[in-house]
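# Chain and residue survey
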Amino acid sequence: MTTSRPAILALADGTVFRGRAFGAVGEAAGELVFNTSMTGYQEILTDPSYEGQLVAMTYPQIGNVGVNRYDVEARRPFVRGFVVREYRHVPSSWRAEQPLGDYLAAHGIPGIEGIDTRALVRHLRDHGAQEAVLSTADLDAERLVRKAKDTPSLVGRDLVREVTCREPYDWTEGPWRPGGAQTLEQIVAATGKRPLRVVAYDFGIKQNILRNLVEVGCAVHVVPADTPARSVLAMRPDGVFLSNGPGDPDAVAGARENVADLLGNVPVFGICLGHQILGLALGGRTYKLKFGHHGGNQPVKDLLTDKVEITAQNHGFAVDPESLAGRAKVTHINLNDRTVEGLEVEGQPTFSVQYHPEASPGPHDAAYLFRRFVDRMERP
Amino acid sequence: MPRRPDLQTILVIGSGPIVIGQACEFDYSGTQACKALREEGYRVVLVNSNPATIMTDPETADRTYVEPLTVDVLERIIAAERPQALLPTIGGQTGLNLALDAAEAGVLDRYGVELIGAKVDAIKRAEDRDNFKATMRAIGLDLPRSGVAHSLEEAEAIRCEIGLPVILRASRTLGGTGGNFATTEEEFRAHVAWGLEASPIGEILIEESIAGWKEFELEVMRDGKDNVVIVCSIENFDPMGVHTGDSITVAPAQTLTDKEYQTMRDAAVAIIRAIGVDTGGSNIQFAVHPDTGRMVVIEMNPRVSRSSALASKATGFPIAKIAAKLAVGYTLDELRNDITRETPACFEPTIDYVVTKIPRFTFEKFPQASDTLGPQMKSVGEAMAIGRTMKESLQKAMRSLEIGSAGFEPRPDASPETLAERLAVPNADRLWYIGEAFRRGMTVEEVAARTRIDPWFLRHVEEIIATEASLAGRTLASLDAEALWALKQDGFSDLRLAALLGVTEDQVRARREQLGVRPVYKTVDTCGAEFEAFTPYLYSTYERGDCEARPSGRRKIVILGGGPNRIGQGIEFDYCCVHSALALREDGFETIMVNCNPETVSTDYDTSDKLFFEPLTLEDVLAIVERERPEGVIVQFGGQTPLRLAVALERAGVPIIGTTPDAIDRAEDRERFDEVLTALDLRRPANGIARSEAEAVTVAERIGYPVLVRPSYVLGGRAMEIVYDRASLHRYMRMAVRASPEHPVLIDHFLEDAIEIDVDAVSDGTDVVIGGIMEHIERAGVHSGDSACSLPPYSIDAEVQADIRRQAVALARELRVVGLMNVQFAVKDRVVYVLEVNPRASRTVPFVSKAIGRPLAKIAVRCMVGRSLAAQGFTQELVPSHVSVKEAVFPFIKFPGVDTVLGPEMKSTGEVMGIDASFGGAFAKAQIAAGTALPTAGRVFISVPPECYDAVIPVARRLAGVGFGLVATRGTGAHLRAAGLPAEHVNKVAEGSPHTVDLIQRGDVALVINTPSGAESFRDSFPIRRTALECRVPYFTTVAAAAAAAQAIELLARGRLGVEALQDYHRRVAATA
Ligand SMILES: Nc1ncnc2c1ncn2[C@@H]1O[C@H](COP(=O)(O)OP(=O)(O)O)[C@@H](O)[C@H]1O
Ligand SMILES: Nc1ncnc2c1ncn2[C@@H]1O[C@H](COP(=O)(O)OP(=O)(O)O)[C@@H](O)[C@H]1O
Ligand SMILES: [Mg+2]
Ligand SMILES: [Mg+2]
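Residues numbered from 1 in each chain as written. Chains lettered and ligands numbered in written order. Predicted model: local features only at pLDDT ≥ 70, side-chain atom pairs only at ≥ 80, totals over all residues. Heavy atoms only, no water.

## A short note on the sheet that holds strand E19 (residues 556-560) of chain B
All names here are of chain B. In space, the six strands of this open sheet follow the order E17-E18-E21-E20-E19-E22, with mixed pairing throughout. Here the strands that pair on one side only, and so sit at the sheet edges, are strand E17 (520-523) and strand E22 (632-634). Strand-to-strand twist in this sheet, taken as the mean axis angle between neighbours without regard to direction, amounts to 30°. Relative to strand E21 (residues 610-613), strand E18 (residues 537-541) runs parallel, the two sharing two bridges. What sits directly across from leucine 538, in E21, is phenylalanine 612. (Pairing = 2+ DSSP bridges. Helix = DSSP H or I, 4+ residues; strand = E, 2+ residues; numbered from the N terminus. Axes fitted to C-alpha atoms, helices over the stretch in contact; angles between N-to-C directions.)

The structure is reproduced here in structure tokens:
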């Protein structure tokens, strides 16, 4: 059996959990949130939307399938620290290439296991997500609580800056399939249609969004978050995509203005942070949720079809529907708490969703939205 | 859409008797469905032949028909009740098949009955394997290569195409009956023959064997708006090749990446849509190649199933209840999640614990049966456990099984060869052998190579064994809080730790408590704590965080359930536990249920105020009692499981209510019971106790052969035998005494040809009221659980009955019974002998309650909390004018090579009830309900030993009178002819062809009456009984049962039987009382 090193998770409100360390030796600070997905920890770890956050998994056995090179959402993991009930060191999966702990260690991410994660989750649920420090180095609980208190909150911070790409790039790979991913070339060859040119704003984009866009026949050009609207329009795209990303939508420099400039000129599709920014660009407001939605089982109702889709979600902020009255239509709502899950700008080929149709991890129920985007581009 | 306003009356079909592959889970689903439909204001008409169910309680449905599940009966019920709709998806395979048959027979069209939930074509697309495969291919899903055959020739052609090994399965069966692997051509041909026979439509599927692949199940729900959710994923510990019902299974799936899981989820969603299940739950099984990830579809069950019950208990999502609501028009988003209240039922539960189910087998009942596990289900029950980690969950499940295991006990006697074999060939004890393999130094890779079990699972076992090894040489005192926490978090029981540390369980508990190492309770809340939970459905775990049990200050009673189903202890006990919870709740108590059987109604979080899904061990129960501090604990309803804990609980200061543990002991302990009988001047068969072989001979010779011998203190007649001479006694003693060295053997004089009587009574400590007197059809010597019986008695006279009543009342008074009591008597030459007294709930309580129309268990529990019988208005025995017959149902067909003869060892898995105005009618219904289609014409084969010649003559005469031809073996035939009955001769098997077996196989016999006696006769006649069983020819192994059957046949030949609702029968009993 592995010899265990101690680790501490200290919350800003003074709550302390003592457990065992795995992953990197070190310390990580950030907002602590919990995720209720039972599968897909690798996708979660590599989702840039988690920039600035520590994640606690509600499912207790983590590490079961190790990590592999395909199940990544970005070039590296973004979660700052990882909290689990029991870490499984030896993976069992034909796809596994490395144990999870080794991967975290290689990326400098500390983990803690052996704590009562359910008690932690109940605490966060009742008292709200909050700043915390996970440490496998400094084991002085009081000091860690102080550090947690000193950790800046997400509100008002532009985290997109930390995660967006520096240079534009093209993406041409389709989603993972048991037999291997397809390329844009193969996909286009099969349909015989000309690829649609999509410019994707990278606010911290998940690669599975890119893969899904490719799958529906889009040639995607990814641009940094601060790319001016006119440069984008100059590329004469068929549509513009607004990606997911970390933190407070209100703090993303220039995004609101850029998006406002795009509106009316090109079909726009936004996901998660992209959806919130669209809301802001339309003149609406966003607010912070108590502990957000992080998981793969959130029921969302499509108000047009009255049907429910089970969705993957990962957000701490939401769009205030009242603030948009008359400017956009709410198309989707969350059935758990009735928050806004989708918007459409009437008379324009522009829409957005708060949740993640690209899933990864999570169910594929909402994948139709990528086709809807294609429809909007083809019949603006 | 809200509920459909165009429907008023809905017919629900139950699943009939408990058989292997179909157990209490359908009572759970059926009860939920009935409740859900009535909640919506529908009038519910229910048909189910199984009296031991909550669903057949007269309060569960508006109209309850305890009648055989046949098309004919269904049509009569439909004609009488005129339902607009039929819900076919909650009564298991039986319910589904019956609905299909009724549809095919045109009954549903004739009366304008609509199938809701699933339509005929959808059911067929799922059930017909060929059709199913075509549908899967059409939506681009992969399958094992296969073909369908209706004859040996067709089968051979398919074999040539796909090669060996293959798996052969019979269409339209349950529990995998007829499924077999064939690796050689001989095996192939043999299995083809078996499968064609086992399939009710003579069809088999031949399929590429993918044994060793990983096996998964998804529980899927769909509503009328085409919303689909996955309620739960389940991964099998035992890979493909072992029926999921016989596999250890774990929820959620553990070894899939999200990419793979979502591929499977997409497939499941596509499947439920393609099959076209309109609304409700389905179970879909998949296999995944461990090295390549290739995923194939195995099957879909378009209905609630054993797995959906497990999934409901594993997640807190009540699949059957929701399915019922969806069937009448609701959509998932319109229904609430009961547990969170705020959120809708349209979501996918997420769980923050690990659930392990381990099947419960009873191979000890069928020594001739092979305990190898395969695609045909053999287990009779299951235990489920919840833990925060795999290790905790697994070890909790092991100690929940009630097989005397507290964890990974070693198997030191296994030779290396045995060990290798036990690993490679799936069997009931494989888990423990895996532990043993690690103990002997095998690596995970080695064990994985032999068992093909995923290394992820094996590693947990390896870690547990390594932890055990690390305790070698340690003392209890040397373990500090830290160490104990770690051990308890891994799920080690106090008992196992005691064994490892060489101390007692009490010492381990004391040390733990001294160090403050106590379990906390967490909630099963469907949502991983994301929302607040309002339903206290709890499990224990060792976490140093918070406890969610929140004991109330109300008056509360803990009810201990019965644990996993097994032969001898089944649904009847769960029924009693549920009734006590319902009654106490009605009376304002807080009710707390403890049980670990996921199939049951008792583990529905709706049944009691609080549910602890926990093993029924001293440790686990004490922890709950300590947390909750109830006013009383009830041990007398859950069968032997809680009873075994009674004394220890009482010693630990737990308030046991009702009959005292001491009184129970006075009834169970032979010597003390003798004192009771002597004091009352009651008689029992001469008997003695032997602690050695020599002593046994002395005792047997004193009391006279034949004797009935058995080890002490067992339920269900385990290892019980009738011994006719000294040589057999020696043989038995050598076997039995080795089986349990420290326990003595009990010896009774065996009363030959005695009538057996069961009596259920209830007492408040002062008054005693007889619930019912049941006369067995089979003579004493056939276990009471296995013999048919009639209420009221059909042959014994009033005087003897009065004597029986007097004795039962005297026993209840002497034992100061508060609650239920069951007595078994034998009547020989009008003398009444007491066979045994069980001062607790018995198997017959639900049957009696349904026969007389009063809920005995509820009455009893009220006595236990201090309400007198007088106050409850139950002061005298009710003797109905109608006759109720109970018949047992056996699993023989699942165990090739096993004899079907009945004896003192209980072998039945379930029971049915037949109710009619006459004994013959009730018996006929019971037979039909039990699957014995009594013929009304044809030839009857009779072969009985000389001592039965006289008794069989009236039976033969009666059958001849109906028009049956008689065929008999030499001796019997001569006797029949001497009595003036024309009987054809047929050879015994040993006498050469054409013989009896040929006759049966050719279909020339419609009925078999064959009573063997003596070892030789048993051996000779075995093929007769087995062939009759396999050829579905009704057979009777006792003259008594044959006589009853003859009466029934006579009645059937005269015309059809009527149907009547339980509510009407009860109204009449009440009116005449
Ligand atoms: N092609 C196959 N190769 C090996 N084992 C199989 C195959 N198909 C089914 N099995 C095994 O047989 C069991 C029963 O088969 P299934 O189709 O699920 O029938 P049932 O209706 O009895 O559940 C499965 O649980 C699986 O373990
Ligand atoms: N002395 C006896 N003579 C004849 N049959 C007996 C005698 N004792 C028991 N039996 C038969 O054996 C069966 C099982 O015995 P019982 O004492 O009731 O054991 P269990 O505890 O398994 O119910 C009875 O139902 C009865 O048919
Ligand atoms: Mg199956
Ligand atoms: Mg008995």
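Resuming the write-up.
## Observations regarding the coordination of the magnesium ion (ligand 4)
Reference values for coordination geometry: four tetrahedral donors around a metal ideally subtend 109.5 degrees, six octahedral donors ideally subtend 90 or 180 degrees. Residues and elements named next belong to chain B. The coordination sphere of the magnesium ion (ligand 4) contains the protein donors Gln824 (OE1), Gln824 (NE2) and Glu836 (OE), at a distance range of 2.1 to 2.8 Å. Of this pair, glutamine 824 sits in strand E30 (residues 818-828) while glutamate 836 sits in strand E31 (residues 831-838); the two residues are 12 residues apart in sequence, bridging distant segments of the chain. You can call glutamine 824 buried: its relative accessible area is 9%. (Donors = N, O, S within 2.8 Å, 3.2 Å for Na, K, Ca; no water. Buried < 20%, exposed > 50% of the residue type's maximum accessible area, 1.4 Å probe, protein only.)

## Side note on the packing of helix H19 (residues 505-514) of chain B against helix H21 (residues 618-628) of chain B
All names here are of chain B. The N-to-C vectors of H19 and H21 enclose an angle of 35°; their axes lie 12 Å apart at closest approach. Handedness of the crossing formed by H19 with H21: right-handed. For the pair formed by H19 and H21, the contact residues are Glu505, Arg509, Arg512 and Glu513 on the first element and Leu618, Glu619, Leu622 and Glu626 on the second. Broken down by class, the residue content of the contact of H19 with H21 amounts to two nonpolar, no polar and six charged. (Left-handed = near helix turned anticlockwise from the far one by under 90°. Contact = heavy atoms within 4.5 Å. Nonpolar A, V, L, I, M, F, W, Y, C, P; charged D, E, K, R; others polar.)

## Some points on the coordination of the magnesium ion (ligand 3)
All names here are of chain B. Distances from the magnesium ion (ligand 3) to its protein donors, namely Gln285 (OE1), Gln285 (NE2) and Glu299 (OE), fall within the range 2.2 to 2.6 Å. Taken as a pair, glutamine 285 in strand E13 (residues 280-288) and glutamate 299 in strand E14 (residues 295-301) lie far apart in primary sequence, 14 residues in all. Exposure class is identical for glutamine 285 and glutamate 299. Each is buried.

## Focus: the interface of chain B and chain A
How big an interface is tends to be expressed through the accessible area that disappears when the partners come together. Facing the 63 residues of chain B at the interface are 51 residues of chain A. At the boundary of chain B with chain A, total buried surface from both sides reaches about 4900 Å², with 48% on carbon and sulfur atoms. When residues of chain B are sorted by the area they lose upon contact with chain A, B:Lys259, B:Arg388 and B:Glu530 head the list and together hold 15% of the total. Residue A:Arg122 is joined to B:Asp546 by a salt bridge in which the shortest nitrogen-to-oxygen separation is 3.3 Å. Here chain B is connected to chain A by 34 residue pairs in polar contact (both at pLDDT 80 or more). For the side of chain B that touches chain A, the secondary structure elements donating two or more residues are strand E11 (228-236), helix H9 (258-275), helix H12 (390-400), helix H16 (455-470) and E17 of chain B. The residue inventory of the side of chain B that touches chain A, partitioned by class, reads 20 nonpolar, 17 polar and 26 charged. (Buried area = accessible area lost by both parts, 1.4 Å probe. Salt bridge = Lys/Arg side-chain N within 4 Å of Asp/Glu carboxyl O. Polar contact = N/O pair within 3.5 Å; in protein donor to acceptor, adjacent residues only side chain to side chain.)

Everything listed here is a matter of coordinates, which is why it stays silent on function.
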